[in-house]
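What the coordinates show
Spelled out from the first residue to the last, the chains are:
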Amino acid sequence: MINGKTYRSPLFYVGDKYKLLPEIKKFFATKINRFIEPFTGGGSVFLNIKANEYLLNDIDANVVDIHQFLMQQAQNPDIFFKELQQRIEKYGFSHSYLKDIVPQELKNQYKKTYYAKFNKQAFQKLKERYNNSIEKDILDLYLLLIYGFNRMLRFNSKGLYNLPVGNVDFNKNVANALHTYFHFVKNKNITFYNLDFTEFLSKINFQKDDFVYFDPPYLITFSEYNKLWNEEKEYELLEILDELNNKNINFAISNVTHYKGKINKLFLNWSKKYFIQNVKSNYISYHDNSIKTFNEVLVTNYQSKIITQTNMFETKTTNFVTKEITGKL
């Protein structure tokens, strides 16, 4: 959220922090030299932060590849959109950001799913091309993301993209998000990394006015991303957070403490020594779209003027749980 407007990532991740940003950003540090994000995902958070430098990381290499690809396109968006449109027309995808080409008869017959019906054949051709290619085309991958189910990236054990077509379109929201992304990243000091969060953080030589925002996989919820997470990872993360606090580095972390009868007691007990703010969550899982009882929080190690619940700090000595990596950021 910059100048009162919230910008959304052109990756359109389900469950990203786009809708929550106006609520959580008001608790962020007011002075940020370097914005550091170990779990960047789609990137809606960093796109709304003013900083002099951005150190961004995600363990998903495909997500990082798309970000780096889009950052390159920011130098000449006109060429990007020209090539994009040629690719869309080659396969025959819908593209209402320029023109609505879906027949009215199809809209009448499939009132809620006509985009999926229209794009199914084109999507299958694109998916086969991508999966059969030795050198993967990142623009193809981005189009699979945009036209795929729930705008997700998922691969099978053989490394093949395996989601079906989604009931989605390349519309004006996608085009506007791309334009915003290009405008924001151009001439910014942004570096992306593809590491485990512990490795990424171990490389950083922390400085005054660094701010670290964590949006890790949630231990007690269900999603593709959360399959990579377990209690051991949660312990590692909490130890690192305590270490950051001991170094006087400001951090904020989002997490879900209650979900459909489950309680993340590990995180709840840890968070009591810091400052806690309840937030209205937009968490969505494609595995389960039933009504959910959950509670999402933002925890900081500094006191914001508007935080309603505060707890006295109780710091303890902990060690980073990291692999040896040479070089510091």
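Everything below is about the structure printed above this text.
Only a predicted model underlies this, so the values are computations on that prediction, with no experimental measurement involved. (Residues numbered from 1 in each chain as written. Predicted model: local features only at pLDDT ≥ 70, side-chain atom pairs only at ≥ 80, totals over all residues. Heavy atoms only, no water.)

Helix and strand counts for the protein chain come out as 10 helices and eight strands. Looking at the 329 residues of the protein chain, the share that counts as buried comes to 52%. Within the protein chain, residue pairs in contact and separated by at least 24 positions form 73% of the contacts whose partners lie at least 6 positions apart. If you sum the accessible surface of the protein chain, you get close to 16,300 Å²; carbon and sulfur atoms cover 48% of it. (Helix = DSSP H or I, 4+ residues; strand = E, 2+ residues; numbered from the N terminus. Buried < 20%, exposed > 50% of the residue type's maximum accessible area, 1.4 Å probe, protein only. Contact = heavy atoms within 4.5 Å. Areas by Shrake-Rupley, 256 points an atom, 1.4 Å probe, with all protein chains shown as cover.)

On to the packing of aromatic side chains, then. A complete count under the given rule lists 30 aromatic pairs for this structure. Consider the rings of Phe46 and Tyr54, whose centres lie 6.3 Å apart with planes at 65 degrees: the pair is edge-to-face. In this pair, the class of Phe46 matches that of Tyr54, namely buried. Through a chain of ring-to-ring contacts, the aromatic side chains of Phe28, Phe35, Phe46, Tyr54, Tyr181, Phe184, Phe192, Phe211, Tyr213 and Tyr302 assemble into a single cluster. Between the NZ or CZ atom of Arg151 and the centre of the ring of Phe12, over which it lies, the distance is 5.0 Å. (Phe/Tyr/Trp six-rings, centres within 6.5 Å; stacked < 30°, edge-to-face > 60°. Lys NZ or Arg CZ within 6 Å of the ring centre and 35° of its normal.)

This part is about the pattern of salt bridges. Tallied over the full model, the rule gives 15 salt bridges. Close ionic contact of Asp140 with Arg87 constitutes a salt bridge, the shortest N to O distance being 2.6 Å. One end of the pair, Asp140, is in helix H6 (residues 138-147); the other, Arg87, is in helix H3 (residues 77-91), with 53 residues separating them in the sequence. Grouping residues by exposure puts Asp140 and Arg87 together as buried. Across the pair Asp100 and Lys107 runs a salt bridge whose closest N-O atoms are separated by 2.4 Å. Using a relative accessible area of 41% as the deciding quantity, one classes Asp100 as partly exposed. (Salt bridge = Lys/Arg side-chain N within 4 Å of Asp/Glu carboxyl O.)

Interpretation in functional terms is not warranted from these geometric data alone.
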